[in-house]
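Observations on chain architecture
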Amino acid sequence: MSLLQKQQQEGRPGGPPHGLPFLLEIGTEEIPDWMIPHALESLRLLFEKLDIPHESVAMDATPRRLTLRAEGLPERLADSEERILGPAKSAPPQALAGFARKQGLRAEDLAIEATPKGDYYVAVRKVEGRRTKEILAEALPGVILQIYFPKTMYWTGKAGPRFIRPIRWIVALLGEDIVPFEIAGVRSGNLTAGHRRLGAREIVVTTADYERRLRDHFVILSAQTRRERISNELSGIRVKADPALLETLVYLTEYPSVIAGEFDPAFLQLPEEVLITVMRHHQKYFSVEDADGHLAPQFVAVMNIDADPEGFVRRGNERVLRARFNDARFFWETDQKKKLADRLPDLAHVTFQAKLGSYRDKTRRMMALVKELGGKRLSVRAAKLCKCDLTTELVKEFTELQGVVGGLYARAQGERAEVWQAIYDHYKPESMEDTIPRNLAGRYVSVADKVDTLRGCFRVGMTPTGSRDPFALRRAAQGVVKILVEGRLKWPLSMLAAGDGNLQAFFADRVRTYFEEIRGFRFDEVRAAMAAGWDNLVDLEARLERIRNLRASVDFEPLAASFKRIKNILEQAGFAGQALSHARLAGESACPTSIDESLLEAGPERELYDEQRRIAGQPIESVIARLRPKVDLFFDKVLVNAPDVRVRQNRLTLLNTLLAEFSSIADFSEIVTNS
Amino acid sequence: MESFQEIVFKLKRYWAERGCIIQEPYDVEVGAGTMCPETFLRVLGPDPYRVAYVQPSRRPADGRYGDNPNRLFKHQQLQVILKPSPSDVIEQYLGSLEAIGIDLRKHDIKLEEDNWEAPTLGAWGIGWQVMLDGLEVTQFTYFQQCGGIDLDVVPAELTYGLERLTAFLQAKDSVYDIEWAEGFSYGDVRYQDELQYSVYNFEMADIPTLWKLFELHEGEAARLLRLYDPKSPDKRRFPLLAAYDQVLKCSNLFNTLDSRGAISVTERVGVIQRVRKLAVGTAQAWADQRQEAAL
C-alpha cells in the first residue's frame, strides 16, 4: 500500500477535512513531457519527508506547472517534550549542579528516570510545536530545488538556482494565507497563470477554487482528464493505438484537442514503416488504419488549443506532413539507384568505433560468427548486407529506421524473404518487451551483431560502469539472452563470451535479470538452477520450469531445507567426496558405489539408503513425496557425526550421494525456505 | 499576404522596439547566426546586450541543386540575442509572431524540448523547438556555455527560420514559390546560387585546394592566438576579431569538404576538434581582453 493510500484511509471520509488545505504550484516554462511524472513523484516524496501531518496529498501537472495539494495540515505541530539524560542518581552533587546549570534549570526541577542502568536525573523541557506556515516557508525553497530532473539549467547566473526550466511564478497557500518565500527572485503568492494564449497571465486563486479557476482559463490541471479528453475525441477514428505517444501529448498540452487531417494517397506507395515514423516520431501524429488494418491516408494531431474552426491548424499540419513525405520519397528514390550489395565497400568509411574499426570490419566479423554458429548461406548473406543501409539517405534522415530500411530495400531489390526479414529484424529485440527476430537467419545475425559489439567493447575495456552504458551493452547482452531462450537456441554462452571472464560474468547478470524480472522466477530458484550450470539457456529454462512446478509441492521446501542442512554438514565435515561438483562436470549423477552397506544401521539410515537406490535416475518430481519422510526421519533419528570414523564417513557419503542425485537440475540448498 | 521582406522588416522593427540593436549580416560565411561575433563573442562576459540580425547561413551538405522544395544550401536566419534573458522572454517571442500577422488564438503553438549543442564552438544550451501547427519555426535556447566558458549572464537566443515562417504565412509548399517582394519569388532571387553552389560543393570543389585553404586559415588563427599575451598592457589592440574570422573560414571549409565527401567519419572527429580548439582559444582570449576593458 502506498503512503498516499494509507493516509487517505486513515483520513476521515465523509466529514469535512480537519486542519488546513495546502496548495503549492510551481509555475515554469515548458517542462519536457517525459520528465514530468518522475518530477511529481520526487516532489511528493520530498513533501512527505517534511513530516508535517496531513490527511491526503494529490499531485498534478501540466507542461507549465507542478502542483501539490494536501488536506488536513495542522496550524501548528503538536507540542513535544525534550528529555536529556543527566548524571546517575548516585553521582556527586557537583555533577548534578553542573548538569542543571547547563540545562538552565534548578537541580530540584530535574526529574528522575529509571533506566536499565539504574536511576538517572533527566531534564525535561517542553518544546512548543512550530507553526506549519513557518516550517513550510523555510523548507519549500529546498524542496522545490531538490526535485529530481535528469538535466537542469541555471538562468539567473552560475551561482543561481538550477531547475529544469526557469521558474516564473509560485503559488503557495496554507488555508487562506500565503506561505512566503522566494526562489530566484520569484516571490510566492496567490497568482497563477492561465493557458498561454487562451487564458489570463495573472489569476488570483484560493485553495478551494484553484482547479476551477484554471479550467476557466483553459488549463486542464489533471493529466487523467486530459488523457480522457484526447481518448474521447479519438474514439470515432480508427487510430493505431499508441499509449506512449498519448502520454507524450498529455504532458505536452494544457488544453488538448484533436484534429484529423489527410494526405495524398499517392504517398501510400512508400513503405508504411517510413510513413508511420515520419508521423509518429517527427510530427507526433497518430496514424490511422482502414477497415482492413492498412494505413489510411489520414492522420490525427493533438493541438494545445480549444478548436480549429477555420481549419488553419489542420491545413498547416497537412502542409508540413506533405513536405516531410516529399523528402522521404526523394530519399527513397535516390537510394534505389545503388543496391545494398554495391554499398558494402562504402562501409569501410563508416566508423563502428575508433578502436574497433569500420562497419566493413564489423560486417566481416559478423559473417564469420554466423558461420561459426552454424548459419547457412542465406544467414551469411543477411549478415553481409545488414549494415549497408547505414550509407543510405533515408537512414541518415531517419536513424531510428536502421535495419528496417535495409530490409525494405533488400525486399525491393529481390532478396529472398529469409534474407530481407533477417536484415529488417536484426536490431531486435530493442527492449525486453520487444519480440525477437521472426526467422532463424534474423536470430543468427542479431546475435552475431550483439556478440561482436560485446566482445569488442569488453576487449578494449569499454564496459558499463554504474549507470553509464554508452554503448548499450546491457541491452545487447539482454537481447542475446532473450533470443537464445525464446528462439530455443542451444549455443553455449561460454562460446559466445569467447573466454572473456568479464563478459561471461556480464552474461550471468543478464541471465539472472531476464529470468527474474522478465519471466518472474524467484531469485532463489534462478540461483539454484544456475548453480547447476547456465551455459545452455534452453536447458536452464527447462530446469527452472521444473523447479517452479516442484515448488507447488508441500514436500519441496522441507526437502530443500534438508538439502541445505546436508550441504552444511558436508562442508563442516570438510567432506572430500565432492560428488556435487563432479556430477556437475560430468552432467550425470555420481555413482553411489563408495557406500559400505555393512556399516549401515538398520532403521532410518538403511531405509534412506534403500530409498536413494530405488529412486536413482528417476526424475525428482516422481520421487519427492516418498523421499522427503525418509530424509526427515533420518535426521530425526540418526547421528551423522558418529563416533566411529568409518560410520561417519559412510553417512557423509550417503548424504553426498543423495545431494548429487538431483544436482544436475539445481543446487537445491540455494532455495530460501520459511522453515 | 506579407512578402518575405515585409516579414523581415516587421520582425526587425518588433525587436528594435524591444531594445535590440539591429545589426546587418556578418561578412564572413557562417553555418548559423550563432557563429557570428555578435552572438559568439557578445554572449561572453557580464555586459548586457540585445541584438537582432538576419544571417544568411551556409550548409553545403543541405544543398539540393534547387530541386528540393524544403532544403537549401543557404537559408536566412533571423537571430535575436537577449542578454540577460528577460523573465517574459517567451511572451515577447510570441508577440513577435503576432506582429507578423499570426493570430495565435487560431494556431497551435507547442514548445518541445530541444537542447542545442555546437561541438565546433564548445557551446550548448537548454531550450525548445517552437512548433507552429506542426512546423518548427524557431529554435529557442538559453545559452549555458559558449567557447567552453560557463556563462554567468544567461542569454536567450531566438533563431527564426525565415523561409519556413514565410512559407507558412503564405501557405506555399515550396520555398521557391514564396514571394520575396511583389513580383519576385524566392526562386527568382535565389535559385541560381542554390544550383551553382550545389554543383560546386558536391562536384567541383577541389579537395586538395580546400584542405590547403583550411590549413592556411587554421595556421593564421593559431599564430594569432599564440601571440595574444594576457599580460600585455596593450592587449586591447590585439586583433582577436580577425583571428576569429580565420576560425569561421575553417568551419566553412570543413563543411564544404564534408559535403564533398572528403572527410571520413574517423577523420571528422579530429577536424571538429581542431576547429573547436581555435574557437575555444579565441573565446578565452576574448573574455580575458574584455575583462580588462571593463576595468
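Residues numbered from 1 in each chain as written. Chains lettered and ligands numbered in written order. Predicted model: local features only at pLDDT ≥ 70, side-chain atom pairs only at ≥ 80, totals over all residues. Heavy atoms only, no water.

1. Remarks on the overall build of chain A
The number of helices and strands found in chain A is 25 helices and 19 strands. Relative to its length of 675 residues, chain A is extended, with a C-alpha radius of gyration of 35 Å against a globular reference of 26 Å. Overall, the C-alpha framework of chain A stretches about 100 × 95 × 50 Å when taken along its three principal axes. Considering chain A as a whole, with its 675 residues, one finds that 52% of them fall into the buried category. Contacts in chain A between residues at least 24 apart in sequence constitute 66% of all its contacts with a sequence separation of at least 6. Here chain A has roughly 31,100 Å² of accessible surface; of this, 50% comes from carbon and sulfur atoms. The average position of the 97 basic charges and that of the 94 acidic charges among the side chains of chain A differ by 4 Å. (Helix = DSSP H or I, 4+ residues; strand = E, 2+ residues; numbered from the N terminus. Rg over C-alpha atoms; globule rule 2.2 N^0.38 Å. Buried < 20%, exposed > 50% of the residue type's maximum accessible area, 1.4 Å probe, protein only. Contact = heavy atoms within 4.5 Å. Areas by Shrake-Rupley, 256 points an atom, 1.4 Å probe, with all protein chains shown as cover. Lys, Arg positive; Asp, Glu negative; His and termini not counted. Charge placed at Lys NZ, Arg CZ, Asp CG, Glu CD.)

2. A short note on the nonpolar core
Judged by nonpolar contacts, the single largest core of 131 residues is most densely connected at Leu454(A), Phe507(A) and Phe668(A). The greatest single-element share of this core, amounting to nine residues, is contributed by helix α15 (residues 440-459) of chain A. In contact with Phe668(A), not counting residues within four places along its chain, are Ile547(A), Leu550(A), Phe556(A), Ala560(A), Phe563(A), Ile620(A) and Phe662(A). If you look at the next biggest cluster of nonpolar residues, it comprises 101 residues, including Phe149(A), Phe181(A), Leu111(B) and Ile126(B). (Core = buried A, V, L, I, M, F, W, Y, C linked by side-chain atoms within 4.5 Å.)

3. Things to note about the confidence of the model for chain A
Residue and element names in this part refer to chain A. On average, residues of chain A score 90 in pLDDT, and 95% of them reach the 70 mark or higher. Segment residues 1-15 is flagged for pLDDT under 50; beyond a separation of four residues in sequence, or across chains, it makes 14 contacts in the model. Ignoring residues within four places in sequence, the model shows residues 578-592, a span with pLDDT below 50, making 21 contacts including any to other chains. (pLDDT = per-residue confidence, 0-100.)

4. Re the state of the cysteines
One covalent bond between the sulfur atoms of two cysteine residues makes up a disulfide. All names here are of chain B. For the structure shown, the criterion picks out zero disulfides over all chains. With no disulfide of its own, cysteine 250 has cysteine 36 as its nearest cysteine by sulfur position, at a separation of 16 Å. Under the relative-accessibility criterion, cysteine 250 is labelled buried at 0%. (Disulfide = S-S within 2.5 Å.)

5. Things to note about the pattern of salt bridges
Close approach of charged atoms lets side chains of opposite charge pair. All names here are of chain A. According to the stated counting rule, one finds 74 salt bridges over all chains in the structure shown. Of the charged contacts, one joins arginine 64 and glutamate 254 as a salt bridge, the two residues approaching to 3.8 Å between their closest N and O atoms. Placement of arginine 64 in the loop between β2 (56-62) and β3 (65-73) and of glutamate 254 in the loop between α7 (243-250) and β15 (257-262) is noted, with a sequence separation of 190 residues between them. Given a relative accessible area of 6%, arginine 64 falls into the buried group. For glutamate 254, a relative accessible area of 3% puts it in the buried group. Residue glutamate 611 pairs with arginine 626 through a salt bridge whose shortest N-O separation is 3.1 Å. Of this pair, glutamate 611 sits in helix α23 (residues 604-615) while arginine 626 sits in helix α24 (residues 620-637), placing them 15 residues apart in sequence. (Salt bridge = Lys/Arg side-chain N within 4 Å of Asp/Glu carboxyl O.)

6. Some points on the domain arrangement of chain A
Here chain A is partitioned into domain 1 (3-76 + 132-216), domain 2 (80-127), domain 3 (223-335), domain 4 (347-545) and domain 5 (554-670). Look at where the C-alpha atoms of domain 1 of chain A and domain 2 of chain A centre, and you get two points 44 Å apart. (Domains from an automatic or database assignment.)

7. Focus on the sheet that holds β15(A)
Residue and element names in this part refer to chain A. Read across the open sheet, the three strands follow the order β15-β17-β16; overall the sheet is antiparallel. Of all the strands in the sheet, the pair left with one neighbour each is β15 and β16 (286-289). Direction aside, neighbouring strands of the sheet carry axes that sit 30° apart on average. Where β16 meets strand β17 (residues 295-303), three bridges bridge the pair, whose relative direction is antiparallel. When the sheet's bridge partners are listed, glutamate 289 is paired in β17 with leucine 295. Sheet strands in contact with helix α6 (residues 223-234) are β15, β16 and β17, and its direction is about 35° off that of β15. (Pairing = 2+ DSSP bridges. Axes fitted to C-alpha atoms, helices over the stretch in contact; angles between N-to-C directions.)

8. A word on the pairing of β17(A)
All names here are of chain A. Counting buried residues along β17, seven of its nine residues qualify, which places the element largely inside the surrounding structure. Here six bridges tie β15 to β17, and the two strands are oriented antiparallel to one another. Across the sheet, residue glycine 261 finds its bridge partner in β17, namely phenylalanine 299. Adjacent in sequence and paired antiparallel, β16 and β17 are bridged by five residues, among which glycine 293 carries a positive phi angle near 85°.

9. Points about empty space enclosed by the protein
Across all of its chains, the model carries four cavities of 30 Å³ or more by this definition. In this model, the largest cavity occupies a volume close to 150 Å³. Forming the boundary of the largest cavity are 19 residues, of which Glu30(A), Pro63(A), Leu252(A), Asn304(A) and Leu111(B) lie nearest the centre. Residue contributions to the lining of the largest cavity peak at five residues, all from strand β4 (residues 109-113) of chain B. Among the residues making up the lining of the largest cavity, the classes are represented as seven nonpolar, two polar and 10 charged. (1 Å grid on protein atoms, 1.4 Å probe; cavity = no way out; pocket = protein on both sides within 12 Å on 5 of 7 lines; lining within 4 Å. Points joined across faces, edges and corners; volume = space filled by probe spheres on them. Nonpolar A, V, L, I, M, F, W, Y, C, P; charged D, E, K, R; others polar.)

10. Points about the sheet that holds strand β5 (residues 111-115) of chain A
All names here are of chain A. Reading across the sheet, the three strands line up as β4-β6-β5 and stay open at both edges, with antiparallel pairing between neighbours. Looking along the sheet, the strands with just one partner apiece sit at the ends: β4 (80-88) and β5. Strand-to-strand twist of the sheet, defined as the mean angle between neighbouring strand axes without regard to direction, takes the value 40°. Here β5 runs beside strand β6 (residues 118-127); their pairing, made up of five bridges, is antiparallel.

11. Some points on the interface of chain A and chain B
Facing the 49 residues of chain A at the interface are 43 residues of chain B. Of all residues in chain A, the largest losses of buried area upon contact with chain B belong to Tyr154(A), Arg197(A) and Arg319(A), amounting jointly to 16% of the total for that side. Across the contact surface, chain A and chain B share six salt bridges. Residues Glu310(A) and Lys106(B) are paired through a salt bridge, measuring 3.1 Å at the closest nitrogen-oxygen approach. Run the count over chain A and chain B and you get 25 residue pairs in polar contact (both at pLDDT 80 or more). Listing elements by their share of the side of chain A that touches chain B, those giving two or more residues are β7 (153-154), β17 and α9 (312-335) of chain A. If you tally residues by element for the side of chain A that touches chain B, the top one is α9(A), at 11 residues. For the side of chain A that touches chain B, the class distribution of residues is 22 nonpolar, nine polar and 18 charged. (Buried area = accessible area lost by both parts, 1.4 Å probe. Polar contact = N/O pair within 3.5 Å; in protein donor to acceptor, adjacent residues only side chain to side chain.)

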